[in-house]
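Chains, contacts and geometry: an overview
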Amino acid sequence: MGTSRSRIKNEAQYEALLDKGYSKEKSARIANTPDAGVKGGKAKDYEDRTKAEIYAMAKKVGISGRSKMSKSELIHALRNN
């Protein structure tokens, strides 16, 4: 896998996410996000975003097959990636 343990910025959070059952990729992505441990974000729900916004998020994360997915399929893929 492309993620090296030496690149993990928040090792404790990474380990906690692995313990919860998250994949190594998703755990690393979350643990390396600035302010990932900070609560109180005001992001819109996926359902309140446009399909183009959801598609861009899926592209950024690297979800394959996204061009053929509906908005609900993209949301499902983002939530379960």
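Below: a short report on this structure. By convention here, each chain's residues receive numbers from 1 onward along its written sequence. Confidence filtering applies because this is a predicted model: local features only for residues at pLDDT of at least 70, side-chain atom pairs given and counted only at 80 or more, and all residues used for totals across whole chains, interfaces and linings. Where side-chain values are given, they derive from all heavy atoms of the structure, hydrogens and water being excluded.

Turning our eyes to something else, we now look at the pattern of salt bridges. In what follows, salt bridge is the name for a side-chain nitrogen of Lys or Arg lying within 4 Å of a carboxyl oxygen of Asp or Glu. Applying the stated criterion across every chain, the model contains two salt bridges. Here Lys 44 and Glu 53 are joined by a salt bridge, their closest N and O atoms 3.9 Å apart. Given the relative accessible area of 44%, Lys 44 is considered partly exposed. A salt bridge links Arg 79 to Glu 47; its shortest N-O distance comes to 3.1 Å. In this pair, Arg 79 sits in helix 4 (residues 71-80) while Glu 47 sits in the loop between helix 2 (24-31) and helix 3 (51-61), placing the two residues 32 residues apart along the sequence. Burial here depends on accessible area, computed with a 1.4 Å probe over protein chains only, as a share of the maximum for the residue type. Under 20% is buried, over 50% is exposed, and the range in between is partly exposed. Helix and strand definitions follow DSSP, with helices as H or I runs of at least four residues and strands as E runs of at least two, each counted in order from the N terminus.

This part covers helix 1 (residues 11-19). Buried within helix 1 are the following residues: Gln 13, Tyr 14 and Leu 17. End-on, the buried residues of helix 1 take up no more than an arc of 105 degrees, which puts them together on one face. Helix 1 presents Ala 12 and Asp 19 as exposed residues on the side facing more than 90 degrees away from its buried surface. Whether two residues are in contact is decided by their heavy atoms, any of which lying within 4.5 Å being enough. In this structure, the buried side of helix 1 is in contact with helix 2. Two residues or fewer past helix 1, Gly 21 is found with a positive phi of approximately 105 degrees. Relevant arc is that of directions from the helix axis to the C-beta atoms, nothing else.

Ile 54, Ala 58, Ile 63, Met 69, Leu 74, Ile 75, Ala 77 and Leu 78 together form the largest nonpolar core, which totals eight residues. Sort the elements by how many residues they give to this core and helix 4 lands first, with four residues. Apart from residues lying up to four places away in sequence, Ile 54 is in contact with Tyr 46, Arg 49, Lys 71, Leu 74, Ile 75 and Leu 78. Definition of nonpolar core: a set of buried residues of the types Ala, Val, Leu, Ile, Met, Phe, Trp, Tyr and Cys, connected through side-chain atoms within 4.5 Å.

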